[in-house]
Amino acid sequence: MNKPVILTGDRTTGPLHIGHYVGSLRNRLQYQDSHEQFLLLADIQALTDNAHDPAKVRRSVIEVALDYLAVGIDPTRTTICLQSYLPALAELSMLYLNFVTVARLERNPTIKEEIRVRGFGRDIPAGFLCYPAAQAADITAFKATIVPVGEDQAPLIEQTNEIVRRINAAAGATILPEASAVIPETGRLPGIDGKAKMSKSAANAIPLSASPDEIRAAVRAMFTDPNHLRIEDSGQVEGNVVFTYLDAFDEEKEALTEIKAHYRRGGLGDGKIKARLEEILQALIAPIRESREYLAKDQAYIREVIRQGTERARDRTESTKQEVFERIGLFQM
Ligand code: TRP
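If you're wondering where the values come from, they're calculated on a predicted model, not measured in any experiment.

**Student:** Summarise the overall build of the protein; cite the residues concerned and give the values.
**Tutor:** A tally of regular secondary structure across the protein gives 14 helices and 5 strands. Over its C-alpha atoms the protein spans a radius of gyration of 22 Å, differing by no more than 12% from the 20 Å that the globule rule assigns to 333 residues. Principal-axis analysis of the C-alpha atoms gives the protein an extent of 75 × 45 × 45 Å. Each of the 333 residues in the protein was classed as buried or not, and the buried ones make up 49%. Across the protein, every contact between residues at least 6 apart in sequence was considered, and the portion connecting residues at least 24 apart equals 77%. Per element, the accessible surface of the protein, about 16400 Å² overall, is 53% carbon and sulfur. The averaged location of the 46 negative side-chain charges in the protein is 2 Å from the averaged location of its 41 positive side-chain charges.

**Student:** Kindly report on the site of the ligand, identifying the contributing residues and their values.
**Tutor:** Around the ligand, 13 residues are found, and the nearest of them are Arg 11, Gln 45, Gln 135, Asp 138 and Gln 153. Within the side chain of Gln 45, a nitrogen or oxygen atom sits 2.7 Å from a nitrogen atom of the ligand. Between the ligand and the protein, one listed contact pairs a nitrogen atom with a side-chain N or O atom of Gln 135 at 2.9 Å. Listing elements by their share of the shell around the ligand, those giving two or more residues are β1 (5–11), β2 (36–42) and α8 (131–141). Residue composition of the shell around the ligand, grouped by class: 6 nonpolar, 5 polar and 2 charged.

**Student:** Give a detailed account of unusual backbone geometry, specifying residues and quantitative values.
**Tutor:** In this model, Lys 143 sits at a positive phi of 50 degrees, which is unusual for a non-glycine residue. Looking at the secondary structure, you find Lys 143 in the loop between α8 and β4 (146–148).

**Student:** Describe the nonpolar core, naming the residues involved and giving the relevant values.
**Tutor:** Within soluble globular proteins, side chains that are nonpolar generally end up buried alongside one another. Ile 18, Ile 206, Tyr 245, Phe 249 and Leu 281 are the most contacted members of the largest nonpolar core, which has 51 residues in total. With 9 residues, helix α3 (residues 54–71) is the single largest residue contributor to this core. In contact with Tyr 245, other than residues within four places in its own chain, are Ile 18, Leu 189, Pro 190, Gly 191, Ile 192, Met 198, Ile 206, Met 222, Asp 250, Leu 277 and Leu 281. Of all hydrophobic cores here, the second largest spans 39 residues; its members include Phe 128, Leu 156, Ile 163 and Ala 179.

**Student:** Any chance you could break down the environment of Thr 174 for me, citing the residues and the numbers?
**Tutor:** Tracing the backbone through its elements, the reader meets Thr 174 in the loop between α9 (154–171) and β5 (180–182). For the pair Thr 174 and Val 164, spaced 10 residues apart in sequence, the C-alpha to C-alpha distance is 8.8 Å.

**Student:** I'd like to hear about helix α11 (residues 241–249), residue by residue, with values.
**Tutor:** When you tally the buried positions in α11, you get 7 out of 9 residues, the bulk of the element. Buried within α11 are the following residues: Val 241, Val 242, Phe 243, Tyr 245, Leu 246, Ala 248 and Phe 249. On the buried face of α11, the contacting elements are α1 (18–34), α12 (253–265) and α13 (270–296).

**Student:** Can you tell me about the environment of Gly 191, naming the residues and giving the values?
**Tutor:** Here Gly 191 shows up in the loop between β5 and α10 (212–220). For Gly 191 and Arg 264, which are 73 residues apart along the polypeptide, the C-alpha to C-alpha distance reads 23 Å.

**Student:** Tell me what's going on with the side chain of Thr 160, and back it up with residues and numbers.
**Tutor:** Here Thr 160 shows up in helix α9. If sequence neighbours within four positions are ignored, Thr 160 has contacts with Gln 135, Ala 136, Ile 139 and Thr 140.

**Student:** I'd love a proper account of α8, names of residues and values included.
**Tutor:** Across the 11 residues of α8, 10 count as buried, placing the element largely inside the fold. Positive phi appears at Lys 143, one or two residues downstream of α8, with a value of about 50 degrees.

**Student:** Talk me through the packing of helix α4 (residues 87–96) against α8; I want residue IDs and the actual numbers.
**Tutor:** The N-to-C vectors of α4 and α8 enclose an angle of 125 degrees; their axes lie 8 Å apart at closest approach. The pairing of α4 with α8 is recorded here as oblique in orientation. In terms of crossing hand, the pair formed by α4 and α8 is right-handed. Across from Leu 89, Leu 92, Ser 93 and Tyr 96 in α4, the residues of α8 making contact are Ala 133, Ala 134, Ala 136, Ala 137, Asp 138, Thr 140 and Ala 141. A breakdown of the residues in the contact of α4 with α8 according to their chemical character gives 8 nonpolar, 2 polar and 1 charged.

**Student:** How would you summarise the packing of α4 against helix α14 (residues 299–327) if you had to cite specific residues and measurements?
**Tutor:** Two numbers describe how α4 lies on α14: the axes approach to 8 Å, and their chain directions differ by 30 degrees. Put simply, α4 runs roughly parallel to α14. Considering the relative orientation of α4 and α14, their crossing is left-handed. Facing α4, whose interface residues are Pro 87, Ala 88, Leu 89, Glu 91, Leu 92 and Leu 95, α14 presents Arg 314, Thr 317, Glu 318, Lys 321, Val 324 and Phe 325. Class assignment for the residues of the contact of α4 with α14 results in 7 nonpolar, 1 polar and 4 charged.

**Student:** Account for the packing of aromatic side chains, with residues named and values stated.
**Tutor:** Tallying each qualifying case throughout the model produces 5 aromatic pairs. Relative to Phe 128, the ring of Phe 120 lies with its centre 5.2 Å away and its plane at 70 degrees, an arrangement referred to as edge-to-face. Assessed through its relative accessible area of 17%, Phe 120 is described here as buried. Of the residues examined, Phe 128 reaches a relative accessible area of 0% and is grouped as buried. In this structure an aromatic cluster arises from ring pairing among Phe 120, Phe 128 and Tyr 131. Lying over the aromatic face of Tyr 131, Arg 11 brings its terminal NZ or CZ to 4.5 Å of the ring centre.

What counts, and at which threshold
- Residues numbered from 1 in each chain as written.
- Predicted model: local features only at pLDDT ≥ 70, side-chain atom pairs only at ≥ 80, totals over all residues.
- Heavy atoms only, no water.
- Helix = DSSP H or I, 4+ residues; strand = E, 2+ residues; numbered from the N terminus.
- Rg over C-alpha atoms; globule rule 2.2 N^0.38 Å.
- Buried < 20%, exposed > 50% of the residue type's maximum accessible area, 1.4 Å probe, protein only.
- Contact = heavy atoms within 4.5 Å.
- Areas by Shrake-Rupley, 256 points an atom, 1.4 Å probe, with all protein chains shown as cover.
- Lys, Arg positive; Asp, Glu negative; His and termini not counted.
- Charge placed at Lys NZ, Arg CZ, Asp CG, Glu CD.
- Near = heavy atom within 4 Å.
- Polar contact = N/O pair within 3.5 Å; in protein donor to acceptor, adjacent residues only side chain to side chain.
- Nonpolar A, V, L, I, M, F, W, Y, C, P; charged D, E, K, R; others polar.
- Core = buried A, V, L, I, M, F, W, Y, C linked by side-chain atoms within 4.5 Å.
- Axes fitted to C-alpha atoms, helices over the stretch in contact; angles between N-to-C directions.
- Parallel < 35°, antiparallel > 145°, perpendicular 65-115°, else oblique.
- Left-handed = near helix turned anticlockwise from the far one by under 90°.
- Phe/Tyr/Trp six-rings, centres within 6.5 Å; stacked < 30°, edge-to-face > 60°.
- Lys NZ or Arg CZ within 6 Å of the ring centre and 35° of its normal.

The structure is reproduced here in C-alpha cells:
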C-alpha cells in the first residue's frame, strides 16, 4: 500500500506569502495524509538567478522552512529537505544535460518567459538555462509521480517527462516513472497592486509573517476598480484585486455572490469590501504569524528538522542515482 510520491519545492529567495498559501501550501497540508510528500528547499535552483546574493539564499532556507512549519506542515509526515545537501540531484542533473539540447532548453516556454522577465538578454547564467534538467533530476530522484506546481511551471514537467523517456530508452526498461503536473484550482494570486504576480521584490506581496498593521495597510492600498468613484456608482468585479482575493479566501461563497451583485449594482463602497477582506486575512494570518514567531525562537529545532529530512531524502535520491547510472550502463566499481 505504497502512497503515491509527491515532490514540490520552493526556491529559497525569501519568506513565503499568502500567494504561496492559496497556490500551494494549503494543498500540501492535505497531501500529508494521502501521499508520501517531499518538500524541497531549492537553494541551488535559487542561485540560478541569485548568484550575486548567496547570503539571501542561505538565510531564506530557514525562513521558508519556518513558513512550512508555521502553516502546519508536519515534519513527521512530510520530508523537508535541502537541495544543496543532496549530491545525487547534482549528479543526475549532469547526466540529464546530455539528454537535452540547448535548443530545447531555449524553447521551453517557462524558461523563455523567465528570461524575458529577468531581462537577461544574451547574458543568461548557464545554470538558469539548464534548470529544467536540474528540476527533472529533483523530480525523478524521488520517483515522484505527482508534482503540484503553478501553471507557469507545467512546461518543466513536460520536459522532465521527455528526459524520463530518454533515460528509460537508454536503460531499455521503465526505471523512472513519468510525472503529472497538478495545477491548483486557485490560479496565481495577483499582487496587491493588480500586477500579475505577487512577489517580494515588487513589494506587492503580503508575507505570512505580516503584522496586523501591515495587513491593514496592504488591504487599504489594494487595487480595486479605478472607475468606481462614488459609492452609488456601479463597480467592476473582474480585475478588482479585492474580489480576486475574496474568491481565494472567503469561504462564504453565497454571501460573496451577493456582495458581488451589490457591488455591480452600485451602492457598495470599496471600504466595505476591504473591511471584509481584511477581517478574513487577519484571521488567516494571525495563527500562522504566532506559530512562526514561536518557532523562530528555536533555530536549533528548525535546523534539526531540515537535517533529518535531508538525511531521509538522501537515502532515496542516492538509490535512484545508483539505479539510473547502473541501468543505463555506466561502469560499476
Ligand atoms: N521551480 C520551483 C519554483 O520556482 C521550485 C522547484 C525546484 C520545484 N525543484 C522542484 C518544484 C521540483 C517542484 C518540483 O517554485
